[in-house]
Amino acid sequence: MAKKSVVIMPETQKILETVGGQIKLARLRRSLTAELVAERAGISRATLWAVEKGSPSVAFGIYAAVLHALNNMDSDLLAIARDDELGRTLQDLNLTVPKRVRN
């Protein structure tokens, strides 16, 4: 069975590359080798390098494992989609107002 390829929009690819670069900088600031972080995350160095390049083919869980290996930075993932202003506005527009009970 052939693998399905996911279409990544150019803007999204740039975001992934930025995230990968930030992960690499976090590793370097901590003076951690790629080998050590990969071992802590339970992945190969090649996979870590793919993360640091922002590869869209790397599973989200691997990004989380790498962030955890960088001294528990995975808690930063809680910020994803936290302030969903558009979603909340759409939700509010779809709320039904209950009919008043007649006396």
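Placed above this text is the structure.
Colleague: Explain the packing of helix α1 (residues 10-29) against helix α3 (residues 45-53) to me, using residue names and the numbers behind them.
Modeller: Closest axis-to-axis distance for the α1/α3 pair is 5 Å, and the angle between their directions is 120°. Between α1 and α3, the interaxial angle falls into the category oblique. Of the residues in α3, those in contact with Glu17, Gly20, Gly21, Ile23, Lys24 and Arg27 of α1 are Leu48, Val51, Glu52 and Lys53. A class-by-class count of the residues in the contact of α1 with α3 yields three nonpolar, two polar and five charged.

Colleague: So, helix α4 (residues 60-69): which residues are in play, and what are the values?
Modeller: The complete set of buried residues in α4 reads Tyr63, Val66, Leu67 and Ala69. In an axial view of α4, the angular spread of the buried residues amounts to 160°, which keeps them on one side of the axis. Where α4 is buried, its residues touch α1, α2 (34-41) and α3.

Colleague: Any chance you could break down a nonpolar patch on the surface for me, citing the residues and the numbers?
Modeller: The grouping of Leu86, Leu90 and Leu93 at the surface amounts to a nonpolar patch, some 340 Å² of accessible area in total. Mapped onto the fold, Leu86 is located in helix α5 (residues 85-94).

Colleague: Let's hear about the pattern of salt bridges: which residues, and what values?
Modeller: Under the defined criterion, the tally for this structure stands at one salt bridge. Salt-bridge contacts for Glu52 lead to Arg27; the nearest nitrogen and oxygen are separated by 2.6 Å. Here the residue Glu52 occupies a position in helix α3, and Arg27 occupies one in helix α1, the gap between them amounting to 25 residues. Like Glu52, the residue Arg27 is buried in the burial classification.

Colleague: Describe in detail unusual backbone geometry, supporting the description with residues and values.
Modeller: Negative phi values dominate among residues other than glycine, just as trans dominates among peptide bonds. Of note in this structure, Ser31 is not a glycine but carries a positive phi near 55°. Position of Ser31 among the secondary structure elements: in the loop between α1 and α2. Here Asn72, not a glycine, exhibits a phi torsion of approximately 65°, which is positive. Along the chain, Asn72 turns up in the loop between α4 and α5. Its relative accessible area of 46% is what places Asn72 among the partly exposed residues.

Colleague: If you had to explain the layout of surface pockets to someone new, which residues and values would you point to?
Modeller: Unoccupied space between atoms shows up once a probe the size of one water molecule is rolled over them. Here the largest pocket defines a volume of roughly 350 Å³. Listed by contribution, the elements that provide at least two residues to the lining of the largest pocket are α1 and α4. It is α1 that provides the largest number of residues to the lining of the largest pocket, a total of five residues. Of the residues contributing to the lining of the largest pocket, the split by class is twelve nonpolar, two polar and one charged.

Rules and cut-offs
Note on numbering: residues in each chain are counted from 1, in written sequence order. Selection of residues for local features in this predicted model requires a pLDDT of at least 70, selection of side-chain atom pairs for listing and counting requires 80 or more, and totals for whole chains, interfaces and linings are taken over all residues. Only heavy atoms go into the side-chain values, all of them from the structure, while hydrogens and water stay out. Between N-to-C directions, angles cover 0 to 180 degrees, with each direction set by a line fitted to C-alpha atoms, over the stretch in contact for helices. Secondary structure counts use DSSP, requiring at least four H or I residues in a row for a helix and at least two E residues in a row for a strand, with both numbered from the N terminus. The cut-offs work like this: below 35 degrees is roughly parallel, past 145 is roughly antiparallel, 65 to 115 is roughly perpendicular, and the gaps in between are oblique. Residue contacts follow a heavy-atom distance rule, with two residues in contact if any of their heavy atoms lie within 4.5 Å. Only Asp, Glu, Lys and Arg are considered charged in this grouping, and only Ala, Val, Leu, Ile, Met, Phe, Trp, Tyr, Cys and Pro are considered nonpolar; every other residue, Gly among them, is considered polar. Burial classes: relative accessible area under 20% of the type maximum marks a residue as buried, over 50% as exposed, and values in between as partly exposed (1.4 Å probe, protein chains only). Directions drawn from the helix axis to the C-beta atoms are what define this arc. Surface patches are drawn from residues lacking salt bridges whose relative accessible area is over 30%; two like charges belong together within 9 Å, two nonpolar side chains (Val, Leu, Ile, Met, Phe, Trp, Tyr) within 5 Å. Method for areas: the Shrake-Rupley scheme with a 1.4 Å probe, in which residue coverage is limited to the protein chains shown. Within this document, salt bridges are pairs made up of a side-chain nitrogen of Lys or Arg and a carboxyl oxygen of Asp or Glu, the two lying within 4 Å of each other. Using protein atoms alone on a 1 Å grid, points that fit a 1.4 Å probe yet trap it form a cavity, whereas open point sets bounded by protein on both sides within 12 Å along at least five of seven lines form a pocket; residues with an atom within 4 Å of a point count as lining. Grid points are joined across faces, edges and corners, and a volume is the space filled by probe spheres set on the points.

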